[in-house]
Amino acid sequence: MDMRQITPRFFAAPQISAEDMPAIASAGIKRVLCNRPDMEVPPSHHCAVLAEAAEAAGLEFVIQPLTHQSMTPDVIATNHALMTDCDGPVLAYCASGTRSTIAWALAAANEIPADQIIQAARSGGYDLENLRPTFEAIHASAR
């Protein structure tokens, strides 16, 4: 498992498996956020399988599939709420962790400057520099 810390309360990861859930719980994560549609993975990694394993490990498991085409403002707001309404750290996963990090960043841009977003993502191994103009525009319009 490759869990990457972006902020104190948000972690991103490439695809996880049912066997990872005890380690995720031991790491202090409270909620697992599935951003990967079932159509992208084999049945062994479908949301229902992972949800069952997460619950057995004492984790909350929520599903918010994302594709680059579905990252609309409403979907990003819902994803953000699923990250922030938890009483502890959240791990969001997708194929590489990039989609989950971009979704976090698009919502975060309402509150924090692009430089901080890009640095936080970079600390987790995700380079979002090419999205700087988008983050700057979101941040400016939120002010």
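Up top you'll find the structure we're talking about.
Here the structure is a predicted model, which means the values were calculated and not measured. Each residue is numbered by its place in its chain's sequence as written, counting from 1. The model is predicted, so local features are restricted to residues of pLDDT at least 70 and side-chain atom pairs to those at 80 or more, both for listing and for counting; the totals for chains, interfaces and linings are taken over all residues. Side-chain metrics rest on all non-hydrogen atoms present in the structure, leaving aside hydrogens and water.

1. Section: the sheet that holds strand β1 (residues 4-7)
Part 1 of the reasoning: For two strands to be treated as a pair, DSSP must find no fewer than two bridges joining them. A run of DSSP states H or I qualifies as a helix once it reaches four residues; a run of E qualifies as a strand once it reaches two. Both are numbered from the N-terminal end. Pairing within the open sheet is mixed, and its 5 strands lie in the order β1-β2-β5-β3-β4. What marks the edges here is a single partner per strand, and that holds for β1 and β4 (60-63). Averaged over neighbouring strand pairs, the angle between their axes works out to 25° when direction is ignored.
Part 2 of the reasoning: Where strand β2 (residues 10-13) lies against strand β5 (residues 90-93), 4 bridges are found, and the strand directions are parallel. When the sheet's bridge partners are listed, A13 is paired in β5 with Y93.
Part 3 of the reasoning: Here, two residues are considered to be in contact whenever any of their heavy atoms come within 4.5 Å of each other. Here, axes are lines fitted to C-alpha atoms. For helices the fit covers the stretch in contact, and angles between N-to-C directions go from 0 to 180 degrees. Against the sheet, helix α3 (residues 73-84) makes contact with β2, β3 (31-34), β4 and β5, and its axis sits at roughly 165° relative to β3, the strand it touches most.
Part 4 of the reasoning: Along the sheet, helix α4 (residues 98-108) contacts β1, β2 and β5; its crossing angle with β2, the most-contacted strand, is approximately 150°.

2. Some details on the pattern of salt bridges
Part 1 of the reasoning: When a carboxyl oxygen of Asp or Glu is within 4 Å of a side-chain nitrogen of Lys or Arg, the pair counts as a salt bridge. One pass over the structure, following the stated rule, counts 9 salt bridges.
Part 2 of the reasoning: A salt bridge links D85 to R31, with the nearest nitrogen and oxygen atoms 2.4 Å apart. Taken together, the positions of D85 in the loop between α3 and β5 and R31 in strand β3 put the pair 54 residues apart, joining distant regions of the chain.
Part 3 of the reasoning: With its nearest N and O atoms 2.8 Å apart, the salt bridge here joins E40 to R36.
Part 4 of the reasoning: For every residue, the accessible area (1.4 Å probe, protein chains only) is compared with the maximum for its type, and the residue is labelled buried under 20%, exposed over 50%, or partly exposed between those bounds. A relative accessible area of 31% places E40 in the partly exposed class.

3. Some thoughts on the packing of helix α5 (residues 114-123) against helix α6 (residues 132-142)
Part 1 of the reasoning: Running from N to C, α5 and α6 cross one another at 135°; their axes reach a closest spacing of 9 Å. Taken together, α5 and α6 sit at an angle that is classed as oblique. Along this stretch, α5 crosses α6, giving a crossing that reads as right-handed. Contacts between α5 and α6 pair A114, D115, I117 and I118 from the former with R132, F135 and E136 from the latter.
Part 2 of the reasoning: Across the contact of α5 with α6, the residue classes break down as 4 nonpolar, no polar and 3 charged. Each angle receives one of four descriptions, namely roughly parallel if under 35 degrees, roughly antiparallel if over 145, roughly perpendicular if within 65 to 115, and oblique otherwise. Crossing handedness is read from the near helix: turned anticlockwise from the far helix by less than a right angle, it gives a left-handed crossing, and turned clockwise, a right-handed one. Under the scheme applied, nonpolar residues are Ala, Val, Leu, Ile, Met, Phe, Trp, Tyr, Cys and Pro; charged residues are Asp, Glu, Lys and Arg; polar residues are all the others, including Gly.

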